[in-house]
Structures are given as C-alpha cells and as structure tokens.
Amino acid sequence: MSIQSFIRHSRPLLLTPFVFFNQPVVASEHDSAPTTVVIPHDLKLTGFFDVLGQYDRAQTDRNSFTLHQTELDLETEVSNRASASIAIAYNSEAGIFEVGAAEMFFDLKQESATSSLALSLSVGQFDVPFGIDYRFYAAPDRRLVSAPWFVDTHGDGWRGWNDFGIRIQTDYKRLSLSPYWVNGFQSSAVVIERIADLATGLSSNIEREINTSPADAFGSRFSVSILSGLEIGSSFAIGLNEASKTEMLLSGVDAEWIARSFSFRGEYVHHSVNRSIAQESHQGYYLQSTYTHDKTFGTVRISSFQPDGRPWTSMISVGVGRAISEDIQLRIENSLKTSSDADKLTAQLVTSF
C-alpha cells in the first residue's frame, strides 16, 4: 500500500478528535458510570479563514464574493520528542473540506548550548519544501492576496505543492537542508498519432491522452543565511515514472532579504515534464518588494511565465493592506497581465484565531 493510500484510508481515524469533541457521552443501562473522554491538556486548536470580493473585467459575472481559504489546525505533544498535527482545509475549487495536512513530527536532535545541529523527521501529508513560497501558502502569511503566478506549475492550484511522504529537516548554524520523498503530482500529455490507410493512401490524426504522472518524486531545498536578514536557497525535484525513468525535472533558486521596514523576495523555477513522451519545458520567476509602516503595508510583485515554446507573459500585482487588529488584516490587490488590458481588483479580509 502506498503512503497516499494509507493516509487516505486513515482519514476516518484522523478525524476522530472531531467526533469525540462533538458527540455527547451517553451511558447505557449496563454501564455503571458514564464513559469519560479524555482530551489532551496540551491540545492546541488554531485556524483562520478569509473572504474575497473580486471585480474582474475579463469575466461575464464581473463581481463575486467567495470564501477563499478556511483551515482548522490541531496539534498535540505525543512525547517530549514527538508531536502530531492535523489541518482540515477548505478546497474552494471543489467546494469541500478535506485533510490539508496530517504529520507526525519526530525531534531527532535538538539544538543545544553545546551543539548548533537540529534534526527532525516528518511523516504524513505536508507542504513540499520546494522554493521559498511554500512558507506562505496560508492566507495570513501573505502580503498580497494572490500567490506568484507561475507557482501552480508544480502545485494543484489551491494550496501549492502538497503531498504524502516523508521529509527530514536539518539546520546547522546558517545552513538548512530539507530532503523529501513524496508521491509526485498530476501531469499528463496529449500525444497525436498519425494513422495511414494503405488502401486509400490517406492518413488521419488520433489524439491519445497518456498519464505521465510521476509515480514517485524526491528532492530537496538547501539554503544559507549569508548575512543578517539575507537567505539564498536552491531547490530540485525529480519525478520517476512506473518504469523508474525520469519523467519530471524541477529546479529553482530563490532569495529573501529582510531589512527593517523593507523586504525583498524573488524566485526562479524551471520545469521539465512529460520527458518520456513529448518533453515540455516551462520557466518562470517573480520579484516582490514589501514596505511596512506600523500597521500598514504595501507590496509590488512582477511575475513572468513562459510556457513551452511560447512567448513570455507577465503580470503586475500591486497591493496595500492594514492590520485592523493583531489577528485581522484587510488587503486590496490589483493585478494586470501584460497580454491583456483587463485587470482584476480583489479585496480580502483575513481572520486568525
């Protein structure tokens, strides 16, 4: 049984705490005393949600309101070296709630006064540490409403690259290494076959869709903090098909610099897919700058994406926001593609608890 199948079939067990918390305790006539449900005293319950209001001139229905991200997180200490966490997330595209993360975390080597080495192991479902944007998938962690445009080339659209597997986190002084092994992600190619009729001498084209999803994927992100506030990282991932041949190659570099009220972040990604059938190569990058003053902030981002064999297309996103309170933020963003004069204006209200 694969890791993905195990987690999928284990979802009723993962959701057990919700059943316990919401069901009344009933004693039968044969019980001498009501059953007591013990809730761990260190169970942490947090979450967030955000609401969007959009005006999109490119759509027939230009105005819309929607629930964007909603997440409920539970975390508890299993022992002094192990913990477990579950995230129940709302899939806005499918309109359903599902498991967004389910991790067992093991602390293998704690950083101490005599050693700068920290080593940990995570098993389950998690956000794959490729690039730097995976740290900002959750709405409260972003400054703009939207994610960088090209990030969806290696994600599933609504929560980035999230998968089932195993990962190791190693930190030593200013160095960080995050290797992982996961199931891969969806990808398919459409191959056109030309069939000749020997009797008539004519030929015809037949489209045949072939699933080229990697059966396994593994990779790592490496980063180094050269100066105070400056981090430079590099990432790679390899996807293998069922014949153990390289079906997908993913590589990238990223950097982030935080200096007082300013922060700068950039990332470049090269994505090669369907290598065994009809290889395609995509690439993209983004540059983002944010200025924060007290509770108000402003952000500008330029994203550019080049699909296989086609011209570069860019998007400019400008946003402003303000922290209404410690756990509530209001943001407004305007995005415009260089290939279109139709912009999209989005207002977002984010609440954490």
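Below is a short write-up of the structure. Being a predicted model, the structure only gives us computed values, none of them experimental.

1. Comments concerning the overall build of the protein chain
Phase 1: The helix and strand tally for the protein chain stands at three helices and 18 strands.
Phase 2: Put simply, the protein chain has 353 residues, and 36% of those count as buried.

2. Focus on the environment of Asp73
Phase 1: Secondary-structure assignment places Asp73 in strand S2 (residues 63–79).
Phase 2: With 15 residues separating them along the chain, Asp73 and Ile88 place their C-alpha atoms 6.5 Å apart.
Phase 3: Non-local contacts of Asp73, meaning those with residues more than four positions away in its chain, are made with Lys44, Leu45, Thr46, Gly47, Ile86 and Ala87.

3. So, a nonpolar patch on the surface
Phase 1: Taken together, the side chains of Val78, Met104, Phe106, Leu108 and Val123 define a hydrophobic patch exposed on the protein surface, amounting to about 390 Å² of accessible area.
Phase 2: Considering every element that reaches the nonpolar patch, the biggest residue donor is strand S4 (residues 96–109), with three residues.
Phase 3: With respect to the helices, strands and loops of the structure, Leu108 is situated in strand S4.

4. Let's talk about the pattern of salt bridges
Phase 1: Under the criterion given, the structure shown has six salt bridges.
Phase 2: Salt-bridge contacts for Asp254 lead to Arg221; the nearest nitrogen and oxygen are separated by 2.8 Å. Of this pair, Asp254 sits in strand S12 (residues 246–259) while Arg221 sits in strand S10 (residues 216–227), and the two are 33 residues apart along the sequence.
Phase 3: A relative accessible area of 4% places Asp254 in the buried class.
Phase 4: Looking at Arg221, the relative accessible area reads 4%, which means it is buried.
Phase 5: Between Glu256 and Arg265 there is a salt bridge, with the nearest N and O atoms lying 3.4 Å from each other.
Phase 6: Take Arg265: its relative accessible area is 11%, and that puts it in the buried class.
Phase 7: If you follow the salt bridges from partner to partner, you end up with Arg135, Arg221, Glu231 and Asp254 in one network.

5. What to know about the pairing of strand S16 (residues 313–325)
Phase 1: Inspection of the sheet shows strand S15 (residues 296–306) paired to S16 by 10 bridges, in the antiparallel sense. Directly across from Arg301, in S16, lies its bridge partner Ser317.
Phase 2: Taken together, S15 and the strand that follows it, S16, pair antiparallel across an intervening segment of six residues, in which Gly309 is found at a positive phi of about 70°.
Phase 3: Two elements, S16 and strand S17 (residues 328–337), share 10 bridges in a ladder whose sense is antiparallel. Considered in S17, the bridge of Val318 is made with Asn334.
Phase 4: With antiparallel pairing between neighbouring strands as the criterion, S16 and S17 make up a hairpin whose turn holds two residues.

6. A short note on the pairing of S12
Phase 1: Pairing geometry for strand S11 (residues 230–240) and S12, over 11 bridges, is antiparallel. Counted as the bridge partner of Ile232 is Ala255 from S12.
Phase 2: Hairpin geometry of S11 and S12 is characterised by an intervening segment of five residues between the two adjacent antiparallel strands and by a positive phi of about 60° at Ser244.
Phase 3: Across 11 bridges, S12 lies against strand S13 (residues 262–273) in antiparallel orientation. Bridge pairing links Ser251 to His270 in S13.
Phase 4: Counting the residues between successive antiparallel strands, the hairpin from S12 to S13 contains two residues, one of them, Arg260, with a positive phi of roughly 55°.

7. Looking at the environment of Val300
Phase 1: Positionally, Val300 belongs in strand S15.
Phase 2: A relative accessible area of 42% places Val300 in the partly exposed class.
Phase 3: C-alpha of Val300 to C-alpha of Ile316: the two residues are 16 residues apart in sequence and 7.5 Å apart in space.
Phase 4: Filtering out sequence-adjacent residues up to four positions away, Val300 remains in contact with Leu287, Gln288, Ser289, Ser317 and Val318.

8. Quick notes on the nonpolar core
Phase 1: Grouped together as the largest cluster of nonpolar side chains are 18 residues, with contacts concentrated most on Val128, Phe130, Trp161, Tyr180, Val182, Ala237 and Leu250.
Phase 2: Looking at this core, the elements that each hand over two or more residues are strand S7 (175–182), S12 and S13.
Phase 3: Not counting the four nearest positions on each side in its chain, Val182 is found in contact with Phe126, Val128, Trp161, Asp163, Phe164, Gly165, Asp216 and Ala217.

9. Let's talk about the packing of aromatic side chains
Phase 1: Enumeration over the complete set of coordinates arrives at seven aromatic pairs.
Phase 2: Between Trp161 and Tyr180 the ring centres are 6.0 Å apart and the planes differ by 85°, which places this aromatic pair in the edge-to-face class. Here Trp161, found in the loop between strand S5 (117–127) and strand S6 (162–172), pairs with Tyr180, found in strand S7; they are 19 residues apart in sequence, far enough to count as distant.
Phase 3: The exposure class of Trp161 is buried, given its relative accessible area of 2%.
Phase 4: Residue class for Tyr180 comes out buried when judged on its relative accessible area of 4%.
Phase 5: Arranged with centres 5.8 Å apart and planes meeting at 55°, the rings of Tyr285 and Trp312 form a pair that is tilted. You can see Tyr285 sitting in strand S14 (residues 280–293) and its partner Trp312 sitting in the loop between S15 and S16, a full 27 residues away along the chain.
Phase 6: Residue classification places Tyr285 among the partly exposed positions, given a relative accessible area of 30%.
Phase 7: What makes Trp312 partly exposed here is its relative accessible area of 38%.
Phase 8: Following the ring pairs from residue to residue traces out a cluster consisting of Trp257, Phe262, Phe264 and Tyr291.
Phase 9: Here Arg143 stacks its cationic end above the ring of Phe297, 4.8 Å away from the centre of that ring.

Thresholds, definitions, all that
- Residues numbered from 1 in each chain as written.
- Predicted model: local features only at pLDDT ≥ 70, side-chain atom pairs only at ≥ 80, totals over all residues.
- Heavy atoms only, no water.
- Helix = DSSP H or I, 4+ residues; strand = E, 2+ residues; numbered from the N terminus.
- Buried < 20%, exposed > 50% of the residue type's maximum accessible area, 1.4 Å probe, protein only.
- Contact = heavy atoms within 4.5 Å.
- Patch = residues over 30% accessible without salt bridge, like charges linked within 9 Å, V, L, I, M, F, W, Y side chains within 5 Å.
- Areas by Shrake-Rupley, 256 points an atom, 1.4 Å probe, with all protein chains shown as cover.
- Salt bridge = Lys/Arg side-chain N within 4 Å of Asp/Glu carboxyl O.
- Pairing = 2+ DSSP bridges.
- Core = buried A, V, L, I, M, F, W, Y, C linked by side-chain atoms within 4.5 Å.
- Phe/Tyr/Trp six-rings, centres within 6.5 Å; stacked < 30°, edge-to-face > 60°.
- Lys NZ or Arg CZ within 6 Å of the ring centre and 35° of its normal.

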